[in-house]
Amino acid sequence: GPGGYKAGVAEPTSPVFTASLMENEAYDRIGDEPPNYEETSFSGGTTSNGNGTSNGEHRAVRPSVVSAFGHDTLDRVPNIDFYRNAGSVSGNRAVRPSLQELHDNGRISVTNTVEDREGSDGTPSDDVESVIPLDNKDGTVRFGWIKGVLVRCMLNIWGVMLFIRLSWVFGQAGWGKYNTETSLWSITNVFCVLGLGIVVIALSCVVTTVTGLSMSAICTNGVVRGGGAYYLISRSLGPEFGGSIGLIFAFANAVAVAMYVVGFAETVVDLLKENNAIMIDELNDIRIIGCISVVLLLGISVAGMEWEAKAQIGLLIILLVAIVNVFVGTGIPASTDKKSKGFFNYDAKIFMENLPPDFRDGETFFSVFAIFFPAATGILAGANISGDLKDPQDALPKGTLLAILITGVTYLGVALCVSATVVRDATGNINDTIATGMDMFCNGSNTAACEQGWNFSSCDVSSCKFGSMNNFQALCKDNIYTALKFFAKGHGKNNEPIRGYVLTFIIAVAFIIIADLNVIAPIISNFFLASYALINFSCFHASYAKSPGWRPAYRYYNMWLSLFGAVLCCGVMFVINWWAALLTYAIEIFLYVYVTVKKPNVNWGSSTQAVTFVSAVNNALSLTGVEDHVKNFRPQCMVLTGAPKNRPALLDLAHCFTKNYGLCLTCEVFVGPRTETLTDVNAGMEKNQMWLNKKKRKAFYAAVACDSFRQGTENLMQASGLGRLKPNILMMGFKKDWRTADTAGVQSYVGVLHDAFDFEYGTVVLRMNQGLDVSHIIKAQEEMEREAQEQKDLEKEELAEENKGKSIFRKSRNLSTQASVTTPQSPQVVVVNERLVSNSTQFQRKQGKGTIDVWWMFDDGGLTLLLPYILTTRKKFKDCKMRIFIAGQPGRVEQDRMKSLLEKFRIKYADIHVIDDITQNPNSNSWKMFEDMIEPFRLHEGSKSTTLAEALRKDNPWKISDAELDTFEEKTNLQVRLNELLQENSRAANLIIVSMPIARLGSVSDHLYMAWLDILTKNLPPTMLIRGNHKSVLTFYS
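Nothing here was measured: the structure is a model prediction, and the numbers come from that model.

Would you mind going over the overall build of the chain with me for this structure?
Within the chain one finds 35 helices and twelve strands. The buried share of the chain, taken over its 1038 residues, is 50%. Surface accessibility of the chain: about 49,000 Å² in total, with carbon and sulfur atoms responsible for 57%.

Would you explain the packing of aromatic side chains in this entry?
Here a ring pair, both rings aromatic, is described through the centre-centre distance and the interplanar angle of the planes. Per the counting criterion, the structure on display carries 15 aromatic pairs. Between the aromatic rings of Phe 905 and Phe 1036, the centroid separation amounts to 6.2 Å while the plane-to-plane angle is 40°, which identifies the pairing as tilted. Of the two residues, Phe 905 is situated in helix H30 (residues 893-905) and Phe 1036 in the segment after strand S12 (1023-1027); the sequence distance between them amounts to 131 residues. What makes Phe 1036 partly exposed here is its relative accessible area of 37%. With centroids separated by 6.1 Å and ring planes inclined at 70°, the aromatic side chains of Phe 968 and Trp 1012 adopt a geometry described as edge-to-face. A residue pair is termed long-range when its members are at least 10 positions apart, and Phe 968 in the loop between helix H33 (962-967) and helix H34 (969-985) and Trp 1012 in helix H35 (residues 1006-1017) qualify at 44 residues. Its relative accessible area of 16% is what places Phe 968 among the buried residues. Since its relative accessible area comes to 0%, Trp 1012 is described here as buried. By way of ring pairs, the aromatic residues Phe 537, Phe 540, Tyr 544 and Trp 560 are connected into one cluster. Here the guanidinium or amino end of Lys 904 rests over the ring plane of Phe 1036, the centre of that ring lying 5.3 Å away.

Is there a simple way to think about the pairing of strand S7 (residues 762-767) in this case?
Each regular strand shows side chains that alternate between the opposite faces of the sheet. Extensive coverage of S7 is indicated by the burial of six of its six residues. Of the two faces of S7, the one carrying Gly 762, Val 764 and Leu 766 and the one carrying Thr 763, Val 765 and Arg 767 are both buried. Here strand S6 (residues 729-733) pairs with S7 via five bridges, running parallel. Bridged to Leu 730 within S7 is Thr 763.

Is there a simple way to explain the sheet that holds strand S9 (residues 880-887) in this structure?
Adjacent strands of a sheet form backbone hydrogen bonds with each other and so pair up, either parallel or antiparallel. Strand order in the open sheet made by the ten strands is S5-S4-S3-S6-S7-S12-S11-S8-S9-S10, with mixed pairing throughout. Two strands bound the open sheet, and with one partner strand each, they are strand S5 (700-706) and strand S10 (911-915). On average, each strand axis in the sheet is tilted by 20° relative to the strand beside it, whichever way the strands run. Taken strand by strand, helix H23 (residues 674-694) contacts strand S4 (664-671) and S5, and its axis lies near 170° from that of S5.

How should I be thinking about unusual backbone geometry in this particular structure?
With the exception of glycine, most residues fall at negative phi, and the peptide bonds are largely trans. The backbone phi angle of Glu 760 is positive, close to 60°, even though this residue is not glycine. Along the polypeptide, Glu 760 turns up in the loop between helix H25 (743-758) and S7. Although it is not a glycine, His 1030 adopts a positive phi angle of roughly 65°. With respect to the secondary-structure elements, His 1030 resides in the segment after S12.

Before we go on, may I ask you to explain a negative patch on the surface in this structure?
On the surface, Asp 793, Glu 797, Glu 798, Glu 801 and Glu 802 cluster together into a negatively charged patch. You can see Glu 797 is positioned in helix H26 (residues 775-802). Accessibility expressed as a relative area gives 56% for Glu 797, which makes it exposed.

Which parts of the structure should I look at to understand the packing of helix H24 (residues 709-719) against H25?
How two helices sit against one another is set out by the angle between their axes and by the gap between those axes. One way to put it is that H24 packs onto H25 with a least axis distance of 8 Å and a crossing angle of 20°. Accordingly, the angle class assigned to the pair H24 and H25 is roughly parallel. Two packed elements cross with a definite hand, and for H24 against H25 that hand is right-handed. Only Ser 748, Gly 751, Val 752, Asp 755 and Ala 756 of H25 make contact with H24, whose side of the interface consists of Phe 709, Arg 710, Thr 713, Glu 714 and Met 717.

How do you make sense of the environment of Cys 880 when you look at a structure like this?
As for its placement among the helices and strands, Cys 880 is situated in strand S9. With 32 residues separating them along the chain, Cys 880 and Gly 848 place their C-alpha atoms 7.2 Å apart. Excluding residues that lie within four positions of it along the chain, Cys 880 makes contacts with Gln 847, Gly 848, Gly 850, Ile 852, Thr 872 and Asn 990.

What is the right way to read helix H22 (residues 648-658) from this model?
In an α-helix, one turn spans 3.6 residues; hence positions three or four apart end up facing the same way. Burial within H22 is extensive, with eleven of its eleven residues counted as buried. Within the sequence span of H22, burial applies to Pro 648, Ala 649, Leu 650, Leu 651, Asp 652, Leu 653, Ala 654, His 655, Cys 656, Phe 657 and Thr 658. Trailing H22 by a residue or two, Lys 659 shows a phi angle of about 45°, which is positive.

In this structure, what is going on with the confidence of the model for the chain? I would like to understand it.
Reading fine detail from the predicted coordinates is not recommended where pLDDT is low. Residues with a pLDDT of 70 or more make up 70% of the chain, whose mean pLDDT is 74. In the predicted structure, residues 172-194 sits below a pLDDT of 50 and forms 126 contacts with residues beyond four places in sequence or in another chain. A low-confidence stretch, residues 806-825 stays under pLDDT 50, and its non-local contacts, those more than four residues away or across chains, total twelve contacts.

Is there a simple way to explain the packing of helix H8 (residues 239-274) against helix H9 (residues 282-303) in this structure?
Orientation of H8 relative to H9, taken along the N-to-C sense of each, is 125°, at an axis distance of 8 Å. Judged by the inter-axis angle, H8 sits oblique to H9. Note on packing geometry: the crossing formed by H8 with H9 is right-handed. Across the interface between the two elements, Val 257, Val 261, Val 262, Phe 264, Ala 265, Glu 266, Val 268, Val 269, Leu 272 and Lys 273 from H8 touch Glu 282, Asp 285, Ile 286, Ile 289, Gly 290, Ser 293, Val 294 and Leu 297 from H9. When its residues are assigned to classes, the contact of H8 with H9 shows twelve nonpolar, two polar and four charged.

Cut-offs and rules
Residues numbered from 1 in each chain as written. Predicted model: local features only at pLDDT ≥ 70, side-chain atom pairs only at ≥ 80, totals over all residues. Heavy atoms only, no water. Helix = DSSP H or I, 4+ residues; strand = E, 2+ residues; numbered from the N terminus. Buried < 20%, exposed > 50% of the residue type's maximum accessible area, 1.4 Å probe, protein only. Areas by Shrake-Rupley, 256 points an atom, 1.4 Å probe, with all protein chains shown as cover. Phe/Tyr/Trp six-rings, centres within 6.5 Å; stacked < 30°, edge-to-face > 60°. Lys NZ or Arg CZ within 6 Å of the ring centre and 35° of its normal. Pairing = 2+ DSSP bridges. Axes fitted to C-alpha atoms, helices over the stretch in contact; angles between N-to-C directions. Contact = heavy atoms within 4.5 Å. Patch = residues over 30% accessible without salt bridge, like charges linked within 9 Å, V, L, I, M, F, W, Y side chains within 5 Å. Salt bridge = Lys/Arg side-chain N within 4 Å of Asp/Glu carboxyl O. Lys, Arg positive; Asp, Glu negative; His and termini not counted. Charge placed at Lys NZ, Arg CZ, Asp CG, Glu CD. Parallel < 35°, antiparallel > 145°, perpendicular 65-115°, else oblique. Left-handed = near helix turned anticlockwise from the far one by under 90°. pLDDT = per-residue confidence, 0-100. Nonpolar A, V, L, I, M, F, W, Y, C, P; charged D, E, K, R; others polar.

Here it is, written out as C-alpha cells:
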C-alpha cells in the first residue's frame, strides 16, 4: 500500500490492512489535499501541493517503512491509489516516492509530473478512475447492469415504433392513415413488405450490434464516467470529434423526446377520436397532449434519478404486458367487426400475400428505414447515464448487447405474427361480405380477404381507413464550447443537469409543434447514424493505432468489423437522404473546425494522438531511406536561447527561418553539478514547451545539464534530432560581455563555434546593440505580478471574511478587489530598460519598408544568401528588399556575374553593389578602437626579453601575442575595414547579413577572434553573421 505493510501481518485486502492505510501519515486522506509526510531531522523542506508539485519548494523526504520485504525502504508495493487522477472522489490518492527520492542520497527538490486538472469541481463526474465507490455516504444513486442498462435500453428500443410504426414498415396504410384497436395491435390498411421488412429490422440490428461491440470495447478500455456517446468519442478520438458529435448527439436526444411524445399523443388522439372527444382538431390535440406529457416528464426528471428509475420499472411492466397481449391477441378468434377491419387468425395465404413489397405514396425501402431506424437508437440509453452506474465497464457491454438481442427478436416476432394475421387493405364495413361459394372469383390484391369471405376490392380504387441529457452536461463541463458552460452545473446528490433538462424540454416542445412522427423521425436518424459511425470509427482508430494503452477488457470485437460499421452508417445516411447527410456532416465539420481552432486545453490520451505519433515515426523512418537533395534543403535550427522567453529576438528570427516547414530546437544548457541542475532541467521541460505553444512558436524545447556550457552544447549538437530531422544550423547570440567575462567563459563560447564548424553545422550569430537577454526584466515582472496577486488574494480573503453572509455587499467587494489590483507599481519597474524590451520584440512586428543588406563576402554553399531570401518570403519582411554586396574589381564584370548567378537561382533582389575598395587600410580612428578593444588581452612579449616572453606565454597562453597579430594582420584589417563599409552603406538597413570570418583552430586565440566579430558588427543595426558548412544549399538545376 502507500505506506507499505509488514509481511505476514495483513494482506492488502484485509480490514486490518485497510485500517493501516488510513493511519498512514503518507496517505492522502482528502482527495486533492497533499499527503502529509513526516519530517525527519535531515529534511527541512515543505510538503508538496495536492498534485505532488513543489511550486519551487522542496518536498520533504518521507520516512522509510517496514515493507513486505522485511526491511526499511522508501519503496511502496503496488496499489491502486497511486494510479488515481487528481480530483478522484472514489478513493484517496497517494503519491508514490519519486525516482529521485529513491536514487539520491539526501534531500532534493522534486517536481511531480502529475498536475491537477483545472476546473475540476470535485464532483463524481470528474472522477475518471473510480469503478466502484468505496462508500455511498452522500446517498448517490448507483445502478447495476439490469436496472441501469438493460431496462433503459429496452424501454427506449421498445418505444413508439413498436406499437404504431412497425406495421408501417410491415404494413403501410394505403392512404397514410392507421388506427389502434383492442389487443393494442388492431392496425388496418396493412401494407406488408415482409421480405424487405425483415431486411429493415436486420439492417438496423446489424448497425446497432456492430456499434454495441465497438462501444463495449471502448468503454472497457479504462473507467467510464458520465457523458455517454460524447464521452466515449471524445476520450477516444479527442475533443475535436467528441465536441462536434457531442453537440449533434445531444440535440438528437432532445428531438427524440419529441418523437416519443408525439407517438404517444397520436395514440391518445386516436382514442379520443373513437369516442368523439376531440378537443379542437387532430393536429392541435396532438400538440396539446404532447406538451402536457413533456411537462410531466420534465417533472419526473427534475425529481431525480431515483424517481426516474422507479417510473421506468412501472413502464417496463406495462410494456411487457402490452407485448404479451400482442401475441395473445393474434391467437384469439377474430370477431366480425375485426374481420371487417382486416384482422383474421393465422393464415398461410395472408402470410404469403404480405410477402412481396408494395411501396405506396412515393415511399422507398430507405425512406421506410429512415422512419423505423430511430427505434434502434435506444442502445445508448445505458451509456448516457454511465456516470450513474456501479460498474460501467461490466454493465454497458452486458446490458446493451442483451437488450439488442431481446428487442430484435421481439420486433421480428411481432412483425411476423402481424404479417400472418392482418391483410393489406380493409374497408371496415361489416356488410362487405361475399356469399358462400363465390370465393372462386377471388383475385387481385385482396385475394386472402376474399377467401375469408370479405370483399375489400373497393380499396383498390378509393381510400380505405384501416390497415397496418447527461450526455449534454458532460459536454458542457469539459468547456469545449464556452457558451454552454452555463448548462454544466449539476444539482442534488446525483449532480442532476437541471439546466440541461430545461433546454431539452424547450427543444422537445419546439418539435412537438410539428406533430408529425413521420417528419420528426428522419431528422434524428442521420444524427444518430453519425454518432454511431464515429463510435465504430473510434474503436477502429484505437485498434489501428496499436497503442499499448488500448487494452479493452471486452475481447469480442474486430477492428475491421468496426470500420465496416462506420462505413455502413455513413452509406445509409446518404441513401436515406443525401442532402440531410451532407447537412449533418457540414455541421459536424464546422464544429470540428471550431474546436480545432479554439484548441481546448485538454489531454485525454486519444487515439488521434497515438496515430499521429505512429505517423511521425513512420515518416521519420521513411526519410532515412532517402538521401538529402539540395532542392529539398531547408533550415533546421538549433537555437541557443536558454529559456525560450529569455532571448525573444533570437527565437523570432529562427522561427521566421523554419516557420511550419522546418525543425526548430530551442536549447538551454544548465551549468553546474548534475544533482543541482537536473531538477531545473526536469521542471523546465513542460513549462517551456507550453510557453512555445502558447506563443505559437513551432519549435521544440531541449535542455541538458553539464559541467560547462561548451560541453552541453556539444552534447546537443551531437545528439539532437531524429534521422533526417536533425538540426543543420546553430544559432546563438553574440557574447556582448566578452571583454569583462572570465577567460573560461570566452574560451567556452568560441569553443562552441569551433565545435559547430567541426560538426559541419551552418552557424549564425545575431548581434543587437542593446543585447538579447531580457531574463532579468522577465524575472522582475513575474515577481511584481506574484506580489500583486498575493495582495489581491489577501484583500479578497479579508473582505470575504468581513462581508461573510452579507450578499448586499457583494458588489462593493468586487470593486474593492479591483481597486487593489491598480496599486502603484513597485520601484523595480523604474529600472526596466524599455528600450531593451522594445528592441527584443522588434521581429515580432511587421518590418517597415527598407532593405536587408547581404554582404556575401565568401562562398559558403549559399546559406548566407538563402536565409535572407527566406526572410523576404515571410509576411513580416515582405516589404523589405534584398541588396547584395560583394567584393570585386571595379567595372561591371563582377556585377554582371553576380546578376547572372542570382537570376539562375531565381532569387529576387533590389540591387547589387560591388565593393572595390575593401582592401584599403582602415582609418586611424577605427584602428585605434580595435587596439583599445584588444589591449587588455595582449601579451606584448615583443618588448620583453626572451626569457620573460616565454614565461608570459606559459602563464597566459590565452593572450594575444605580437606574433599572432603580425600573422593575421591582413585578416584583422579586413574586419575593421568591413565595419567602416557597413557603417557607410548599411547604416539604415532593417537587417544586415555578413559572412562570418573563420578562425583557424589552434592558430587564432579566442580573444582575437572575439575582437574580430566585435569590431565587424559594432555600432550597426541588427546584424547576423552567417557561415554555411560549405555544402551547396542552392541549385539552378530543375
